[in-house]
Amino acid sequence: MWGIIATWRMAKEGIEKAEKILDSQGDAGDAIETAIKEVEDFPYYKSVGYGGLPNEAMEVELDAAYMNGDTLSVGAVASLQDFANPISIARRLSHETVNCMLVGQGAESFASQEGFERKNMLTDRAKIHYKNRIKEEQSKLQPYAGHDTVGMVCLDDSGKMTAATSTSGLFMKKKGRVGDSPIIGSGFYVDSQIGGASATGLGEDLMKGCISYEIVRLMAQGMHPQKACEKAVFELEQKLIKRRGHAGDLSVVAMNKDGEFGVASNIEAFSFVVCLPHLKPTVYLVKREGNHCTYQPASQQWLDEYMQTRMAPLKEK
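Residues numbered from 1 in each chain as written. Predicted model: local features only at pLDDT ≥ 70, side-chain atom pairs only at ≥ 80, totals over all residues. Heavy atoms only, no water.

K.L.:
Teacher, can you tell me more about the overall build of the protein here?
P.N.:
Secondary structure summary: the protein contains nine helices and 13 strands in total. For the protein, whose C-alpha radius of gyration is 18 Å, the value lies close to the compact-globule estimate of 20 Å for 317 residues. Taken along its principal axes, the extent of the C-alpha atoms in the protein is 50 × 45 × 40 Å. Counting every position in the protein, which comprises 317 residues, the buried fraction comes to 56%. Long-range pairs, those at least 24 residues apart, make up 67% of the contacts in the protein with a sequence separation of at least 6. A total of about 13,300 Å² of accessible surface is found on the protein, and carbon and sulfur atoms cover 49% of it. (Helix = DSSP H or I, 4+ residues; strand = E, 2+ residues; numbered from the N terminus. Rg over C-alpha atoms; globule rule 2.2 N^0.38 Å. Buried < 20%, exposed > 50% of the residue type's maximum accessible area, 1.4 Å probe, protein only. Contact = heavy atoms within 4.5 Å. Areas by Shrake-Rupley, 256 points an atom, 1.4 Å probe, with all protein chains shown as cover.)

Given below as structure tokens:
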């Protein structure tokens, strides 16, 4: 048995590459890194990697993390500038006993010493987004509504599991802002003896529930991944609303050691991709029904419009 699940439609091409690795008895670490690099390298996905939208100083700061579910080893980088494929740097850091989470200049120094590729990650397209947003909001810059971290959980046929994330974070965020994505237990968590989870949404709220760890904890008690995702998301949402009147975007994906998967989201537009031995990489759209979630395959029309929207020509206003 093997499988891989990921947040958002943008993961599909990466999942297709991961499928070839997993179907050939490949390693879950190689598969998940390959899949996330594919997202990081595509310039039209404006929330991850190359082409990611910048902070309020028009700098692209990237966060990424990797976890090995066999050893529980973790590597993470945050506020990383001018390096391609932060997921690969995070995976390399997971081999370290200490100093396995690095931020800012420390992460960049490590990446340089290890020979990772330097690259200006700010694209002309991202600059146009930035300039247009400034013109739209002359009085006050605020982060945009989308928080599309790519997060994945992977199982290979040896039983090894991995989890990983990569994001450019909130558009127009404060310099040095770090969300849930590179934080173990919040943006991701995996234990090969149980399963794994990954999150996307408003990091400041996802961290309040240590949501990925919570899902794995619930699966350890025997809960199906779908039930665990729903319980974690909607109980956190209800707690936040009760305590302060509102909750941000909360979306999660999970897979257990048997290849069973689950998803939950408190927003209307969440999509995910999953691939199993009997299921080709498929994009699903999630619908909330009370405190439960259902999902169905995305139509070809939806898939076509998704790419047309993201690759449409962009002009400065």
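Now that the structure is up, let's keep going.
K.L.:
How should the environment of Y130 be read in this particular structure?
P.N.:
Along the polypeptide, Y130 turns up in helix α5 (residues 124–136). C-alpha of Y130 to C-alpha of P43: the two residues are 87 residues apart in sequence and 15 Å apart in space. The residues touching Y130, leaving out its near neighbours within four places in the chain, are P54, N55, E56, A57, M58, F171 and M172.

K.L.:
What exactly am I supposed to notice about the environment of Q296 here?
P.N.:
Along the polypeptide, Q296 turns up in strand β13 (residues 292–297). Residue Q296 is classed as exposed on the basis of its relative accessible area of 53%. A sequence separation of 10 residues divides Q296 from V286, and the C-alpha atoms of the two residues are 6.9 Å apart. With near-sequence residues (within four places) excluded, Q296 lies in contact with V283, Y284 and L285.

K.L.:
Before we go on, may I ask you to explain helix α2 (residues 28–41) in this structure?
P.N.:
Counting along an α-helix, one turn takes 3.6 residues, and residues three or four places apart therefore face a common direction. Compared with an ideal rise of 1.5 Å per residue, which puts 14 residues at 20 Å, α2 spans 20 Å between its outermost C-alpha atoms and is within 8% of the ideal. All of the buried residues in α2 are A28, G29, A31, I32, E33, A35, I36, V39 and E40. Residues of α2 that are buried in the fold lie against β1 (3–7), α1 (12–23), β2 (62–68), α3 (86–93), β5 (150–155) and β6 (161–167). Among the residues of α2, the N-terminal cap falls to D27, whose side-chain oxygen and the backbone nitrogen of G29 are separated by 2.8 Å. (Expected span 1.5 Å × (residues − 1). Polar contact = N/O pair within 3.5 Å; in protein donor to acceptor, adjacent residues only side chain to side chain.)

K.L.:
Help me understand α3, please; the structure alone is not making it clear to me.
P.N.:
Burial of α3 is extensive: seven of the eight residues sit out of reach of the surface. Burial in α3 covers these residues: P86, I87, S88, I89, A90, R91 and L93. As for α3, its buried residues are in contact with α2, β2, β3 (73–80), β4 (101–103), α4 (104–113) and β6.

K.L.:
Before we go on, may I ask you to explain the packing of aromatic side chains in this structure?
P.N.:
Here a ring pair, both rings aromatic, is described through the centre-centre distance and the interplanar angle of the planes. Applying the stated criterion across every chain, the model contains 11 aromatic pairs. The interplanar angle of 40° and the centroid separation of 5.9 Å between the aromatic rings of F261 and Y295 together place this pair among those described as tilted. Of this pair, F261 sits in strand β10 (residues 261–265) while Y295 sits in strand β13, placing them 34 residues apart in sequence. Ring centres of F272 and Y295 lie 5.2 Å apart, and the angle between their planes is 85°; this geometry places the pair in the edge-to-face category. Of this pair, F272 sits in strand β11 (residues 271–276) while Y295 sits in strand β13, and the two are 23 residues apart along the sequence. (Phe/Tyr/Trp six-rings, centres within 6.5 Å; stacked < 30°, edge-to-face > 60°.)

K.L.:
So what exactly am I meant to see when it comes to the sheet that holds strand β7 (residues 188–191) here?
P.N.:
Strands pair in a sheet through their backbones, by hydrogen bonds, and they do so in one of two ways: parallel or antiparallel. What the four strands build is an open sheet, ordered β7-β8-β9-β10; its pairing is antiparallel. Of all strands in the sheet, those with a lone pairing partner are β7 and β10, marking the two edges. Strand-to-strand twist in this sheet, taken as the mean axis angle between neighbours without regard to direction, amounts to 10°. Examined bridge by bridge, strand β9 (residues 250–256) and β10 share five bridges and lie antiparallel to one another. Residue pairing in the sheet places M255 in a bridge with F261 of β10. Against the sheet, helix α7 (residues 211–220) touches β7, β8 (195–201) and β9, its axis set at about 150° to β8. Most of the contacts of helix α8 (residues 225–244) go to β10, to which it runs at about 20°, and overall it touches β9 and β10. (Pairing = 2+ DSSP bridges. Axes fitted to C-alpha atoms, helices over the stretch in contact; angles between N-to-C directions.)

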